[in-house]
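# Observations on the model geometry
Here is how the chains run, residue by residue.
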Amino acid sequence: MKFARLALVFLCLFSVNTWANTNASYQKQAQIQQILDNWRARSGLPSATLSILLPNQSHPITLTSGKTAYSNGERTNRDTLFQAGSITKSFTSTLILQLEAEGRLSINDPITKYLPQYPRWHNVTIKQLLNHTSGIFNYTQTGTFNSIRKNRPRAEFTPAEIVAIASQHRDYFPPGEGWKYSNTNYVLAGMIVQKVMGQSVENVMNHYLHGGSKLNLFHTFYLSHLYSFSFIS
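Here's a quick rundown of the structure. These numbers come from a predicted model, not from an experiment. (Residues numbered from 1 in each chain as written. Predicted model: local features only at pLDDT ≥ 70, side-chain atom pairs only at ≥ 80, totals over all residues. Heavy atoms only, no water.)

### Digging into the pattern of salt bridges
- Tallying each qualifying case throughout the model produces three salt bridges.
- For Arg104, the salt bridge goes to Glu102, with nearest N and O atoms at 3.0 Å.
- The exposure class of Arg104 is partly exposed, given its relative accessible area of 44%.
- Judged by its relative accessible area of 44%, Glu102 falls in the partly exposed class.
- A salt bridge links Lys113 to Asp109, with the nearest nitrogen and oxygen atoms 3.7 Å apart. (Salt bridge = Lys/Arg side-chain N within 4 Å of Asp/Glu carboxyl O. Buried < 20%, exposed > 50% of the residue type's maximum accessible area, 1.4 Å probe, protein only.)

See the structure below:
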């Protein structure tokens with residue numbers, strides 16, 4: 001399978017009474033496929049996947065559209081892996097809460113308890129990272145980061161390098177005195193997970209996804225590196 005370079009994944013709960021194996025059902029599925037194809041084309045995306053979970057069904061119906069790249073890509077299928085993007089934050093925050101439930105940390109702890117290398121943020125708590133009330137600058141909004149991304153699109157960053165970029169900018173506001181979405185928050189949260197667990201976030205996250213919880217998401221992976229390579233399941 002190839003990782004899709006740019007894509008959007010939908011999960012829809014489609015409220016219908018039945019989806020029997022009839023000609024009408026196949027016609028309806030064909031109509032939805034056409035809607036997906038048209039939407040993807042209008043949006044300028046190379047590929048998209050739509051999963052519909054019907055009432056009283058244990059497995060979703062999955063429709064796919066497009067290719068894994070704008071040019072010379074393979075056709076998308078139900079096994080194609082997509083970059084999840086910021087939905088990863090949901091899993092990171094769940095890991096933090098799981099660690100709190102195990103007594104390994106408290107979300108009210110200052111982040112410097114685990115990351116003393118950032119005394120500037122000694123008043124920022126883990127909870128403020130998770131709910132975006134820390135005031136810490138968003139590294140993806142910096143000229144430095146976007147210049148590197150433009151000129152060296154395949155450049156990789158360590159978490160410490162990302163935080164260093166963000167730290168060159170003033171905080172948006174004192175901790176707890178506002179709300180501002182910042183990707184830097186979850187870089188720091190991931191660093192805390194790594195510090196507490198004594199192993200990489202990649203290992204911790206994949207263990208959680210693949211059996212260390214009730215999720216059992218065996219086709220979902222956390223990668224700490226670029227994803228433009230072949231993956232054989």
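Once the structure has been displayed, the description carries forward.
### With respect to helix H7 (residues 201-210)
- When you tally the buried positions in H7, you get seven out of 10 residues, the bulk of the element.
- Here H7 has its buried residues at Val201, Glu202, Val204, Met205, Asn206, Tyr208 and Leu209.
- Elements that come into contact with the buried residues of H7 comprise helix H2 (88-101) and helix H6 (183-197). (Helix = DSSP H or I, 4+ residues; strand = E, 2+ residues; numbered from the N terminus. Contact = heavy atoms within 4.5 Å.)

### A short note on the packing of aromatic side chains
- One pass over the full model with this rule turns up four aromatic pairs.
- On the numbers, 4.9 Å between centres and 20° between planes, the contact of Phe137 with Tyr172 is stacked. Of this pair, Phe137 sits in the loop between helix H3 (126-130) and helix H4 (143-151) while Tyr172 sits in the loop between helix H5 (159-167) and H6, and the two are 35 residues apart along the sequence.
- A relative accessible area of 15% means that Phe137 is categorised as buried.
- Consider the rings of Phe145 and Phe157, whose centres lie 5.2 Å apart with planes at 40°: the pair is tilted. On the criterion of sequence distance, the pair formed by Phe145 in helix H4 and Phe157 in the loop between H4 and H5 is long-range, its members being 12 residues apart. With respect to burial, Phe145 and Phe157 carry one shared label: buried.
- An aromatic cluster of at least three residues, connected via ring pairs, comprises Tyr139, Phe145 and Phe157.
- Geometry around Tyr172 places Lys180 over its ring, the cationic atom sitting 5.4 Å from the centre. (Phe/Tyr/Trp six-rings, centres within 6.5 Å; stacked < 30°, edge-to-face > 60°. Lys NZ or Arg CZ within 6 Å of the ring centre and 35° of its normal.)

### As for the nonpolar core
- With 35 residues, the main nonpolar core has Ile96, Ile111, Trp121, Ile126, Leu129, Leu188 and Ile192 as its most contacted residues.
- If you list the elements that add at least two residues to this core, you get H2, H3, H4, H5, H6 and H7.
- No other element matches the seven residues that H6 contributes to this core.
- Leaving out residues up to four positions away in the same chain, Leu188 has contacts with Ile111, Leu115, Tyr118, Trp121, Leu129, Ile136 and Val163.
- Grouped together as the second largest cluster of nonpolar side chains are eight residues, Ile32, Ala48, Ile61 and Leu63 included. (Core = buried A, V, L, I, M, F, W, Y, C linked by side-chain atoms within 4.5 Å.)

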